[in-house]
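Geometric and topological summary
What follows is each chain in one-letter form.
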Amino acid sequence: MNWMNNPKVRFKNKGGGSSMGKSQYQNQSQKSPSITSILSIEDINKILNLNSETVGILIKKADELAKEIGDKIEGRRRIEQIPASKLRDFYDYAVQIKESSSEDDNWYLRLMLLKPKMTYHASKEREGSDKRKALELFNNEISRMLDKMDKNNNDHFKNFMTFFEAVVAYHKKYAKSN
């Protein structure tokens, strides 16, 4: 029996007691059409295989991403996107993995769990809000980078952490104090 088509089955949503339609069950992992990528596949590869010739790309792309997810100012109004504290929480999670990992430890598995953590925080925000869009953009970019990482290459993890640290540092310039 398909419970979604059963007229006797009703669910409460945040707005009250209306029944949930099929449109609310769309795949949450689908990227919204308004999300644009900042990092190309080539950029990701250069960041993960960082050297003195490609460090400029890391710096430029970290600044671009931080600017996109930082606060926006429209006239006299500040539009808060990702608070520095939330971004720092994500970064601290990755730092804990780095600090607790050893050569034979499975850092890759634990780092991949950053994806659902970011998705959870994005989905808690109001649909269509600036904060949610920024969290989805950040999730998209970091997830694409994580997908390209080689679990057998510890340098990829180190370079990912360098990029993440640069994003956090540049984000402070664009986010209000918190």
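What counts and what doesn't
- Residues numbered from 1 in each chain as written.
- Predicted model: local features only at pLDDT ≥ 70, side-chain atom pairs only at ≥ 80, totals over all residues.
- Heavy atoms only, no water.
- pLDDT = per-residue confidence, 0-100.
- Helix = DSSP H or I, 4+ residues; strand = E, 2+ residues; numbered from the N terminus.
- Contact = heavy atoms within 4.5 Å.
- Salt bridge = Lys/Arg side-chain N within 4 Å of Asp/Glu carboxyl O.
- Buried < 20%, exposed > 50% of the residue type's maximum accessible area, 1.4 Å probe, protein only.
- Core = buried A, V, L, I, M, F, W, Y, C linked by side-chain atoms within 4.5 Å.
- Expected span 1.5 Å × (residues − 1).
- Phe/Tyr/Trp six-rings, centres within 6.5 Å; stacked < 30°, edge-to-face > 60°.

**Description of the confidence of the model for the chain**
- Mean pLDDT over the chain stands at 83; residues scoring 70 or higher make up 78%.
- For the chain, per-element mean pLDDT is lowest for strand β2 (residues 77–79), which scores 75, and highest for helix α1 (residues 41–48), which scores 97.
- Segment residues 14–33 is flagged for pLDDT under 50; beyond a separation of four residues in sequence, or across chains, it makes 19 contacts in the model.

**Some points on the pattern of salt bridges**
- Scanning all chains against the criterion turns up eleven salt bridges.
- Residues E127 and R132 are paired through a salt bridge, measuring 3.4 Å at the closest nitrogen-oxygen approach.
- Residue class for E127 comes out exposed when judged on its relative accessible area of 60%.
- For R132, a relative accessible area of 7% puts it in the buried group.
- Via salt bridges that share partners, D43, K60, K61 and E64 belong to a single interconnected network.

**Focus on the nonpolar core**
- Of all hydrophobic cores here, the largest spans 40 residues; its most connected members are I69, L111, F138, F160, F163, F164 and V167.
- Among the elements that make up this core, the one with the highest residue count is helix α7 (residues 154–174) (nine residues).
- With residues up to four places along the chain from it excluded, the contact list for F163 reads L39, I47, L58, K61, A62, L65, I142 and M145.

**Topic: the environment of A66**
- Residue position: A66 is located in helix α2 (residues 55–69).
- Taking the C-alpha atoms as reference points, A66 and A175, 109 residues apart in sequence, are found 8.9 Å from one another.
- In this structure, A66 is in contact with V167, Y170, H171 and Y174, ignoring residues within four places of it in sequence.

**Things to note about α7**
- Its 21 residues give α7 an end-to-end C-alpha distance of 31 Å, which sits within 8% of 30 Å, the value for a rise of 1.5 Å per residue.
- The complete set of buried residues in α7 reads H156, F157, N159, F160, M161, F163, F164, A166, V167, V168, H171 and Y174.

**Digging into the packing of aromatic side chains**
- The full count for this structure, using the stated rule, is six aromatic pairs.
- Relative to F138, the ring of F90 lies with its centre 6.1 Å away and its plane at 15 degrees, an arrangement referred to as stacked. Residue F90 is found in helix α3 (residues 84–100), and its partner F138 is found in helix α6 (residues 130–148); the two are separated by 48 residues along the sequence. The pair F90 / F138 is uniform in exposure class, with both members buried.
- On the numbers, 4.8 Å between centres and 10 degrees between planes, the contact of W107 with F157 is stacked. Of this pair, W107 sits in helix α4 (residues 107–112) while F157 sits in helix α7, placing them 50 residues apart in sequence.
- Since its relative accessible area comes to 6%, F157 is described here as buried.
- Put simply, the rings of F90, Y91, F138, F160 and F164 touch in pairs and so form one group of aromatic residues.

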